[in-house]
Amino acid sequence: MNLDLTEDELAFRDEARTWLRDHLPTEERPPEGQEMRDFDLAWQRTLYDGGWAGISWPKEFGGRGLTDIQQMIWYEEFARANPPFTLNNSCTFVGNNHGGPTIIVNGTDEQKAAYLPPILRGEVVWCQGFSEPGAGSDLASLSTKGVIDGDELVVTGQKTWTSYAHVADLQELLVRTDLDAPKHKGISWVVCDMRTPGIEIREIRTMSHVTDFCEVFYDEVRIPLTNVVGGLNNGWRTAMSTLSFERGTAFMADQVELASTVERLIAEARERTDGRGRPLIADEEVARRLATARAEVDALKAMTITGISRTARTGVPGAEGSMVRFFHGELHQRVYQLALEIIGADALRLTPVDGDVWTGPYLQSFAYTIGGGTTDIQRNIVGERVLGLPRA
Amino acid sequence: MDLLPTPEQDEIVATVRTQLDRQFALNDLAAHDGADRAVDRDLWRRCADLGWFGLGLDEHLGGVGYTLVEEALLFAELGAHATPGPFLATVLAARLAATGGDAELAAAILAGDLLVALAEAEDVGAAVGSTVTGRFRVTDFGGADLFLVAGTDPAAGMAVVDAVAVTAEPSLDLLVPLGVVDLDGTAARVSATDTADLALRATVLLASQLAGSATATAEQSTAYAKDREQFGRPVGSFQAVKHRCADMAARADASTSLARYASLAVTDGRPDAPFHSHAAWTVAADAAIANAQVNVQNHGGIGFTWEHTAHRYVTRAQFLVRTFGDRTAHLAALLAEPAPA
C-alpha cells in the first residue's frame with residue numbers, strides 16, 4: 001500500500017501539465033452538427049500530433065500505452081487545466097473506447113491496419129449499434145438480422161440510443177447471424193459503414209435537449225463478411241471484451257471531473273447569499289450535504305485506485321468495476337440535484353449541457369444511471385459476478 | 001500508488017483474524033453481556049503480547065514500529081469482528097504517554113498491565129489539560145486502572161488520569177459498558193493540549209474500524225442470501241435481495257478504499273491528510289450504519305433475535321460514530337479544509 005508516484009509518473013505528470021497548458025482549446029465546443037464533429041476531430045488530431053492519442057491503447061497499435069495510474073494522472077491534469085469541454089462528451093468516444101479496443105483485442109491484422117490509425121488521427125467517427133427497441137438490458141435478445149449472401153451480410157432491423165449516428169462514419173454493430181442458436185451464441189460483431197445504402201438515421205430528442213441521440217434503421221444493408229470482427233456468431237464474447245474494458249478506465253475521466261464539479265459547487269454556495277444576505281454555505285443542511293458530496297467523491301477516487309491495484313495484480317479489470325459505475329452514476333446525479341437546490345430560482349433558467357453551470361448538466365445527469373448498462377444491471381453484475389449470488 | 005495490502009500486511013491481518021476468531025468469538029463473549037467489562041485481564045495481556053497496542057508506535061517509544069497503516073488494518077479487523085474492549089483508548093493512551101515522556105506508564109499500558117477506559121466530555125465546558133474537570137461519559141470502565149480523557153474537541157486536549165468509580169448506566173450495546181463520572185481538578189498522569197495529531201489518528205482508526213464493520217455485514221448478508229432458500233431457491237437470486245447485497249459491497253469497497261488512502265496520507269504527512277481522514281470517517285460511518293441496518297433486514301426474523309450477531313453491528317456502529325466527535329463535527333472539519341491540490 002502506498003500513495004507514491006514513481007519518478008516516471010511524476011515526470012509524466014509534468015509533461016502532461018505542460019502540454020495541456022499549451023494545447024488545450026480555449027473556445028467552447030459547438031453543441032451540434034458538423035461543427036461539433038469538426039471540433040471533436042480537430043481535438044483528436046491535436047492529441048495525435050502531441051503524442052497523446054490512444055492513451056490506453058498499446059504502443060504497437062499507435063497508442064500511448066499508458067498504465068492505469070498514468071491515465072488517471074492524465075485525466076486529473078486535464079480537469080486541473082480547466083477545460084471548456086468534458087473529455088468523454090465527444091463523438092470520438094466510441095472509437096477510442098469501444099470500437100478501437102475491440103479491434104485491438106479481436107481484430108485481424110488487416111482490420112487493425114484499416115481501422116485503428118484513422119481513429120487515432122481523428123479522421124473517423126464511430127458510433128455504437130447495440131441496443132434495440134426490444135433489447136435493452138437484455139441485450140442478447142437482439143433481433144436485427146444479418147443474413148449471409150455470398151461474401152456479404154444482409155442486415156435488416158433497427159438499433160436505438162445510438163449517440164452521434166448522424167455524424168458517424170462507422171458503427172460497431174451487433175446482428176443476429178444464427179437464428180437457431182441459443183441467444184448468446186448467434187450474434188456477430190461487425191463494422192458497418194454508415195453511408196451504405198439502406199440505412200436511415202432519425203434523431204431522437206432527449207429530455208436534456210442534446211441532439212446527438214439517434215435511432216438507426218437497416219433495410220437490406222449489405223456489409224462485407226470481412227467486416228466481421230472476432231468471428232462469425234462470436235459477437236457476444238467480442239462485445240463483452242469491450243464492456244470489461246469499459247469497466248476498467250473508460251469512465252475515469254468523468255469521475256475525476258466530478259471532483260472539480262463538487263469544488264465548483266462549494267465555491268458557488270460560498271458566493272451566493274440567501275434573502276438575508278447570508279452565504280448559502282452558512283446553512284447547516286447545505287454545508288452538511290456539500291461536505292458529504294466531498295467525502296463521497298473522495299471515496300470514488302479511492303475505489304478507482306483500488307480497482308487499478310486489483311487490475312495490476314490480475315491483469316484484467318474485474319467485475320468490481322461495476323460497483324464504481326453505479327456508485328459514480330448515482331453520486332453524479334446527487335451532486336446535480338444538490339446544485340439545483342443551491343441555485344434557487346436560477347434553476348429555472350436553462351443552460352447548455354456542456355457548460356459549467358447547472359441546469360443543462362442536471363438534465364443530462366439522468367443518463368448516468370441508464371447509459372452503458374443501467375444501475376440495475378450493474379448491481380446484477382456485482383451480485384452475480386463479484387459476490388457469487390445465483391442468477392434469477 | 002497501490003491500495004491493496006502487501007504480503008507482509010496480509011500476514012498481519014491473517015494473524016489478527018485468527019486470534020479474533022479464537023479469542024473474541026461474539027457468541028462466547030455474550031456471556032459478558034451487561035457486565036462492567038467485556039474483556040478480562042488475561043485476554044487483554046494476550047492482545048498486548050501480540051503487539052496490538054503499539055503496532056503503529058515507533059520502536060524507540062516502546063512500540064512495534066509499524067505505521068498507522070498497519071494499525072488501521074488491525075482496527076478494520078476489530079470492526080469486522082465487532083470486537084469489544086478499549087482498544088482505541090489503549091492505543092491512544094500509550095502514544096500520549098510515550099510521546100509525553102512517561103515511558104514507564106506507556107510500557108505498562110502496552111504490556112496490558114494497566115487497563116485504560118475511554119472518558120469523553122459530555123459538556124462543552126469540560127477542561128482537559130494538566131488537570132481535568134467536567135462530566136465525562138466513560139466506556140469499558142470495569143476494572144480500569146486509567147482513563148484516557150478527551151474534551152468535546154479531541155484535537156484540543158487529551159489526558160491520562162487514574163481511574164475513579166463510575167456511575168453505571170444502561171448501555172445501548174451490552175458489550176460496551178457505559179457510565180458517567182464527574183471529575184473536578186483531577187491531576188493528569190500525562191496530558192497534552194494540542195492533540196490534533198492524536199485526534200487525526202483516532203479519526204483514521206475509527207474510519208477503518210467502521211469500514212471493517214461495513215465489510216463484515218456485507219459478507220454476512222451475502223453468505224445468508226446464498227444459503228437461505230425460500231420459494232425453492234436461494235433468496236440471493238431475487239433482485240431485491242441481490243441489489244441490497246451489491247449496495248452493501250459497494251459501500252464496503254468505498255469505505256475500505258478511502259480509509260486505507262487516509263491512513264497512508266497521514267503516515268506520509270501529506271498536507272491533505274485531514275481532508276481525506278474526515279472524508280474517510282464520513283463515508284465509513286454512513287457505510288457501517290447503513291450496512292448494519294440492512295443486514296438485519298436481509299436476515300428476516302432470525303436477524304431480529306438476540307442470538308444472531310446482526311444486532312451487535314448495529315449498536316457497535318452507533319457507539320463508534322459517537323466516539324471522538326460525531327458526524328456534524330467531521331463534516332464541518334471536512335468542509336473547512338482546502339481541496340486537495
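Please read these numbers as outputs of a predicted model, since none were measured by experiment. (Residues numbered from 1 in each chain as written. Chains lettered and ligands numbered in written order. Predicted model: local features only at pLDDT ≥ 70, side-chain atom pairs only at ≥ 80, totals over all residues. Heavy atoms only, no water.)

Trainee: So what about the domain arrangement of chain B? Which residues, and what values?
Mentor: Residue and element names in this part refer to chain B. Under the domain assignment, chain B is made up of domain 1 (7-192) and domain 2 (196-336). Taken over C-alpha atoms, the centre of domain 1 sits 21 Å from the centre of domain 2. Counting residues at the interface gives 41 residues for domain 1 and 31 residues for domain 2. Among the ionic pairs, Arg 201 bridges to Glu 71, the shortest N-O distance being 3.4 Å. Elements supplying a minimum of two residues to the side of domain 1 that touches domain 2: helix H2 (26-29), helix H4 (68-80), helix H5 (87-99), strand E1 (116-121), strand E3 (131-139) and strand E4 (146-150). (Domains from an automatic or database assignment. Contact = heavy atoms within 4.5 Å. Salt bridge = Lys/Arg side-chain N within 4 Å of Asp/Glu carboxyl O. Helix = DSSP H or I, 4+ residues; strand = E, 2+ residues; numbered from the N terminus.)

Trainee: Residue-level account of the environment of A:Arg272, with values.
Mentor: All names here are of chain A. By secondary structure assignment, the location of Arg 272 is in the loop between helix H7 (252-271) and helix H8 (284-314). What makes Arg 272 partly exposed here is its relative accessible area of 22%. Separated by 20 residues in the primary sequence, Arg 272 and Thr 292 place their C-alpha atoms 20 Å from one another. Those residues in contact with Arg 272, other than ones at most four positions away along the chain, are Arg 278, Pro 279, Leu 280, Ile 342, Ile 343 and Asp 346. (Buried < 20%, exposed > 50% of the residue type's maximum accessible area, 1.4 Å probe, protein only.)

Trainee: Let's hear about the interface of chain B and chain A: which residues, and what values?
Mentor: Taken together, the 49 residues of chain B in the interface contact 46 residues of chain A. For the pair chain B and chain A, the summed buried area comes to about 4200 Å², and 63% of that belongs to carbon and sulfur atoms. Considering only the side of chain B, the residues that lose the most area to chain A are B:Met1, B:Lys242 and B:Leu335, jointly responsible for 20% of the buried surface there. Our count for the contact surface shared by chain B and chain A stands at 5 salt bridges. Note that A:Arg310 and B:Asp253 form a salt bridge whose closest N and O atoms lie 2.8 Å from each other. Linking chain B with chain A are 22 residue pairs in polar contact (both at pLDDT 80 or more), by the criterion used here. Looking at the side of chain B that touches chain A, the elements with two or more residues in it are H4, helix H7 (196-227), strand E10 (233-234), helix H8 (239-267), helix H9 (273-298) and helix H12 (327-336) of chain B. Looking at the side of chain B that touches chain A element by element, the count peaks at 16 residues for H8(B). (Buried area = accessible area lost by both parts, 1.4 Å probe. Polar contact = N/O pair within 3.5 Å; in protein donor to acceptor, adjacent residues only side chain to side chain.)

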